Amino acid sequence: MEVGFLGLGIMGKAMAANLLRHGFRVTVWNRTLSKCDELVAMGAAVGDTPASVVAKCKYTIAMLSDPSAALSVVFDKDGVLEQIGEGKGYVDMSTVDAATSCKISEAVKQKGGAFVEAPVSGSKKPAEDGQLVILAAGDKALYDDMVPAFDVLGKKSFFLGEMGNGAKMKLVVNMIMGSMMNAFSEGLCLADKSGLSPQTLLDVLDLGAIANPMFKMKGPSMLQGSYNPAFPLKHQQKDMRLALSLGDENAVSMPVAAASNEAFKKARSLGLGDLDFSVVHEVLKGTGGSG
Ligand SMILES: NC(=O)C1=CN([C@@H]2O[C@H](COP(=O)(O)OP(=O)(O)OC[C@H]3O[C@@H](n4cnc5c(N)ncnc54)[C@H](OP(=O)(O)O)[C@@H]3O)[C@@H](O)[C@H]2O)C=CC1
Ligand SMILES: O=CCCC(=O)O
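- The protein appears in an unreviewed UniProt entry as Glyoxylate/succinic semialdehyde reductase 1 from Triticum aestivum.
- Quoted verbatim from the Sequence similarities (unreviewed entry) heading of the UniProt record, the comment on the protein is "Belongs to the HIBADH-related family. NP60 subfamily."
- Regarding the protein, the relevant UniProt record gives this comment under Function (unreviewed entry): "Catalyzes the NADPH-dependent reduction of glyoxylate to glycolate as well as succinic semialdehyde (SSA) to gamma-hydroxybutyrate in vitro. May function in redox homeostasis and play a role in oxidative stress tolerance by detoxifying glyoxylate and SSA generated in glycolate metabolism and GABA metabolism, respectively."

Laid out in structure tokens, this is it:
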């Protein structure tokens, strides 16, 4: 199967590499073109523009930072829309809001193409290992065509029905994750300040009802103050912002998420946005809490 791949950041690079390793023919494009080199060394072809990738490939996947990047790659000059049409499919796996997905879907459909939104749960390591959870919605026929690729990229794919449901599900999941990260960080601070060993807290948590992979993976590096980005904090804050907006639209009160968003915003204002989202711990250590 031949696929195009737009966006070779932390996630896109790992996902495109995975497709190559599994025998897919992949044509890549990235705004900063030099980031294509590593994929070329693995056997990828390069397109000069999103439009040229879509012209070459029946199916094109995108993994871009945020709504503005997702819209720019479709609607701007040399964008996806210039070449999408009958018989071609576009799959955006970026985390965006439902309105962005719907806008792209309408434009792609107007040109005769098919569109699926397919944001993912799982970070850099699951992307490298093909263990993502895919939250797809939109054109069911295109989704079915993409199953061979989704099976390589993920351990499970959900088809969630109408356009926007994938984006909404992803935002709900990341709203919970961001709030959990703040509660976890506050707990580490509280243990430390009240004379307990934070390491022992990690051991206790790991044996109880709230044990989870995130605490297990991020806890030790947070205690060391090490924040190599797997999931950049700027993206987590974007997801909290979009989830809070979804809460506004649906009159859902989310005080925990709102307080967590403030801590992520504070971290961004301190220039920590490109580090892992667990760096919010430094903010909470500084203030003694998110409230
Ligand atoms: N990292 C993670 O753990 C996870 C991330 N996600 C989501 O996946 C998406 C990608 O995340 P991640 O790979 O971590 O992000 P990165 O910041 O590592 O990469 C972002 C990508 O978007 C491109 N980009 C940014 N702005 C534009 C623009 N205006 N036009 C064209 N391209 C642009 C960047 O290009 P350039 O290289 O030129 O800057 C880069 O390829 C995000 O929506 C994120 O929320 C979802 C699950 C997990
Ligand atoms: O959007 C990022 C999600 C990160 C994760 O699921 O571990």
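From this point on, the discussion continues.
**Quick word on the site of ligand 1**
(1) Moving on: As a matter of local geometry, ligand 1 sits amid 26 residues, with Asn30, Thr32, Lys35, Ser123 and Lys238 nearest to it.
(2) Moving on: Within the side chain of Arg31, one N or O atom sits 2.9 Å away from an oxygen atom of ligand 1.
(3) Moving on: When contributions to the shell around ligand 1 are tallied by element, the ones reaching two or more residues are helix H1 (10-21), helix H4 (67-75) and helix H11 (233-249).
(4) Moving on: Split into classes, the residues belonging to the shell around ligand 1 amount to 12 nonpolar, 10 polar and 4 charged.

**With respect to the nonpolar core**
(1) Moving on: Membership of the largest hydrophobic core comes to 36 residues, with the highest contact counts inside it found for Phe5, Met15, Leu19, Val28, Val91 and Met93.
(2) Moving on: Among the elements of the structure, strand E1 (2-6), H1, strand E2 (25-29), strand E4 (59-62), strand E6 (114-117), strand E8 (132-138) and helix H7 (140-153) are those that each provide at least two residues to this core.
(3) Moving on: Setting aside anything within four residues of it in sequence, one finds Met93 in contact with Met15, Ile61, Ala62, Met63, Ala118, Pro119, Val120, Ile134, Phe150 and Leu153.
(4) Moving on: Formed by 29 residues, the second largest nonpolar core is a distinct cluster that contains Met175, Leu188, Leu205 and Met214.

**Describing the domain arrangement of the protein**
(1) Moving on: Taken domain by domain, the protein consists of domain 1 (1-161) and domain 2 (166-285).
(2) Moving on: For domain 1 and domain 2, the distance between their C-alpha centres works out to 27 Å.
(3) Moving on: Listed by partner, the interface residues are 18 residues for domain 1 and 15 residues for domain 2.
(4) Moving on: Carbon and sulfur atoms make up 70% of the area that domain 1 and domain 2 hide from each other, which totals about 1300 Å².

**Notes on a nonpolar patch on the surface**
(1) Moving on: A surface patch of nonpolar side chains, about 220 Å² in accessible area, is lined by Leu33, Val40 and Val46.
(2) Moving on: Secondary-structure assignment places Val46 in strand E3 (residues 45-46).
(3) Moving on: On the basis of relative accessible area, Val46 is assigned to the partly exposed category, the value being 40%.

**Some remarks on the site of ligand 2**
(1) Moving on: Around ligand 2, the surrounding shell consists of Ser121, Gly122, Ser123, Lys170, Asn174, Met177 and Phe231.
(2) Moving on: Note that an oxygen atom of ligand 2 is positioned 2.7 Å from one of the side-chain N or O atoms of Lys170.
(3) Moving on: Asn174 has a polar side-chain atom sitting 2.8 Å from an oxygen atom of ligand 2.
(4) Moving on: Its residues assigned to classes, the shell around ligand 2 comprises 2 nonpolar, 4 polar and 1 charged.

**A closer look at the layout of surface pockets**
(1) Moving on: Size it by volume and the second largest pocket reaches roughly 240 Å³.
(2) Moving on: In terms of lining, the second largest pocket is formed by 15 residues, of which the most central are Met217, Lys218, Asn228, Ala230 and Asp276.
(3) Moving on: Secondary structure elements with two or more residues in the lining of the second largest pocket: helix H6 (124-129) and helix H10 (213-224).
(4) Moving on: Looking at the lining of the second largest pocket element by element, the count peaks at 4 residues for H6.
(5) Moving on: Across the lining of the second largest pocket, the residue classes break down as 5 nonpolar, 5 polar and 5 charged.

Criteria and thresholds
- Residues numbered from 1 in each chain as written.
- Chains lettered and ligands numbered in written order.
- Predicted model: local features only at pLDDT ≥ 70, side-chain atom pairs only at ≥ 80, totals over all residues.
- Heavy atoms only, no water.
- UniProt positions renumbered as here; feature names shortened; annotations may be inferred.
- Near = heavy atom within 4 Å.
- Polar contact = N/O pair within 3.5 Å; in protein donor to acceptor, adjacent residues only side chain to side chain.
- Helix = DSSP H or I, 4+ residues; strand = E, 2+ residues; numbered from the N terminus.
- Nonpolar A, V, L, I, M, F, W, Y, C, P; charged D, E, K, R; others polar.
- Core = buried A, V, L, I, M, F, W, Y, C linked by side-chain atoms within 4.5 Å.
- Buried < 20%, exposed > 50% of the residue type's maximum accessible area, 1.4 Å probe, protein only.
- Contact = heavy atoms within 4.5 Å.
- Domains from an automatic or database assignment.
- Buried area = accessible area lost by both parts, 1.4 Å probe.
- Patch = residues over 30% accessible without salt bridge, like charges linked within 9 Å, V, L, I, M, F, W, Y side chains within 5 Å.
- Areas by Shrake-Rupley, 256 points an atom, 1.4 Å probe, with all protein chains shown as cover.
- Salt bridge = Lys/Arg side-chain N within 4 Å of Asp/Glu carboxyl O.
- 1 Å grid on protein atoms, 1.4 Å probe; cavity = no way out; pocket = protein on both sides within 12 Å on 5 of 7 lines; lining within 4 Å.
- Points joined across faces, edges and corners; volume = space filled by probe spheres on them.

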